[in-house]
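Given next are the chains, with one letter for each unit.
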Amino acid sequence: MTERRANPEVRVRLLEGAARLLAEEGPSALTLRRVATEADTSTMAVYTHFGSMADLADAVVDEGFRRLGALLAGVPRTGDAITDLAGLGLAYLVNARQNPHLYAVMFGSASLGAYRPQTADERRRGRYTFDEIVDAARRAVDQGRLRPAEPSAVAGQLWTAMHGYVMLEVAGYFGADGVEQVLTPMFVSLLSGLGADRDAALASMRTLAPVEARSR
């Protein structure tokens, strides 16, 4: 069967299939035939939906950040910015659990080979997802929940810590109690080091525990 019209479902299958190939086998596996087989469609579908393999690789990265951005935007904003930061952190974890292959591609643990971003603007794709964390950090500073600091620097520390944990969890280094025994203490220690009340930060993480449990 030849795909002649764009089909949203086929497009998603192609994106996820390409992400699996990149994450599990590397860029040499990203061929028309392999991608089409992964997506259970025709080779023509790649051209119909993306135009070229390079465009497909770009779209994989964009789709990964789109899904992450949607989850971060869906975190309820409260009057407590520390709770919001904790919620954003857990949404980041949920995204990686739901989309492990996309996550590997968008943050570079899966090589894109010749398809890697070439320009500064391309390398900054997905920056809007970081802005969600910067905004919550700014509110935490404004509320006096954190010491005065540059919000982007605060957000950078939190994102770096979350990324490190998430990479290890997705790789299978932590069991079912990883959030309780590793992530929560790490996040609370980092927030308290930035000026947050330790007990309040821990309470914020505890209130979000059911969300984390449902993501598994």
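The notes below deal with the structure included here. (Residues numbered from 1 in each chain as written. Predicted model: local features only at pLDDT ≥ 70, side-chain atom pairs only at ≥ 80, totals over all residues. Heavy atoms only, no water.)

1. Looking at the packing of aromatic side chains
Part 1: Going through the model one piece at a time under the given rule, you end up with eight aromatic pairs.
Part 2: Between Phe-107 and Trp-159, the ring centres sit 6.1 Å apart and the planes meet at 85 degrees, which makes this aromatic pair edge-to-face. With Phe-107 in the loop between helix H6 (100–106) and helix H7 (120–123) and Trp-159 in helix H9 (residues 151–170), the pair connects residues that are 52 residues apart, well separated along the chain.
Part 3: Since its relative accessible area comes to 16%, Trp-159 is described here as buried.
Part 4: Members of the aromatic cluster, joined through ring pairs, are Phe-65, Tyr-92, Tyr-103, Phe-107, Phe-130 and Trp-159. (Phe/Tyr/Trp six-rings, centres within 6.5 Å; stacked < 30°, edge-to-face > 60°. Helix = DSSP H or I, 4+ residues; strand = E, 2+ residues; numbered from the N terminus. Buried < 20%, exposed > 50% of the residue type's maximum accessible area, 1.4 Å probe, protein only.)

2. Brief notes about the nonpolar core
Here is a general trend for soluble globular proteins: nonpolar side chains tend to be buried in one another's company.
Part 1: The biggest cluster of nonpolar side chains holds 66 residues, and the ones touching the most others in it are Leu-56, Leu-85, Leu-146 and Leu-191.
Part 2: For this core, the element with the highest residue contribution is helix H5 (residues 81–98), accounting for 10 residues.
Part 3: Once residues lying within four places of it in the same chain are set aside, the contact partners of Leu-85 are Ile-133, Ala-136, Ala-137, Ala-140, Leu-146, Leu-158, Phe-187 and Leu-191. (Core = buried A, V, L, I, M, F, W, Y, C linked by side-chain atoms within 4.5 Å. Contact = heavy atoms within 4.5 Å.)

3. Description of helix H11 (residues 198–207)
Two residues of an α-helix separated by three or four positions point the same way, owing to the 3.6 residues in each turn.
Part 1: Among all positions of H11, only Ala-201, Ser-204 and Met-205 are buried. Take H11 and look down its axis: the buried residues cluster within an arc of 95 degrees, on one side only. For H11, the exposed residues set more than 90 degrees away from the buried face come down to Asp-199 and Thr-207.
Part 2: For H11, the N-terminal cap is Asp-197; the gap from its side-chain oxygen to the backbone nitrogen of Asp-199 is 3.2 Å. (Arc of directions from axis to C-beta. Polar contact = N/O pair within 3.5 Å; in protein donor to acceptor, adjacent residues only side chain to side chain.)

4. Quick word on the environment of Ala-161
Part 1: Looking at the secondary structure, you find Ala-161 in helix H9.
Part 2: In this structure Ala-161 comes out as buried when scored by relative accessible area, which is 17%.
Part 3: Sequence spacing of Ala-161 and Gly-89 is 72 residues, and the spatial spacing of their C-alpha atoms is 9.6 Å.
Part 4: When sequence neighbours within four positions are dropped, the list of residues in contact with Ala-161 reads Met-186 and Leu-190.

5. Here's the deal with the pattern of salt bridges
Part 1: Following the criterion strictly, the structure yields 11 salt bridges and no others.
Part 2: Here Glu-16 ties to Arg-67 by a salt bridge, and the two come within 2.9 Å at their closest N and O atoms. Here Arg-67 lies in helix H4 (residues 53–73) and Glu-16 lies in helix H1 (residues 8–25), a separation of 51 residues in the sequence.
Part 3: A relative accessible area of 15% means that Arg-67 is categorised as buried.
Part 4: Across the pair Arg-139 and Asp-84 runs a salt bridge, and its minimum N-O distance is 2.9 Å. Of this pair, Arg-139 sits in helix H8 (residues 127–142) while Asp-84 sits in helix H5, and the two are 55 residues apart along the sequence.
Part 5: Linked by salt bridges that have partners in common, Glu-16, Glu-63, Arg-66 and Arg-67 make up one network. (Salt bridge = Lys/Arg side-chain N within 4 Å of Asp/Glu carboxyl O.)

6. Regarding the packing of H4 against H8
Part 1: Two numbers describe how H4 lies on H8: the axes approach to 9 Å, and their chain directions differ by 20 degrees. Regarding the angle of H4 to H8, the classification is roughly parallel. As for how H4 packs across H8, the hand of that crossing is left-handed. For the pair H4 and H8, contact is made by Phe-65, Arg-66, Leu-68, Gly-69, Leu-72 and Ala-73 and by Tyr-128, Thr-129 and Glu-132, respectively.
Part 2: Looking at the contact of H4 with H8, its residues break down into five nonpolar, two polar and two charged. (Axes fitted to C-alpha atoms, helices over the stretch in contact; angles between N-to-C directions. Parallel < 35°, antiparallel > 145°, perpendicular 65-115°, else oblique. Left-handed = near helix turned anticlockwise from the far one by under 90°. Nonpolar A, V, L, I, M, F, W, Y, C, P; charged D, E, K, R; others polar.)

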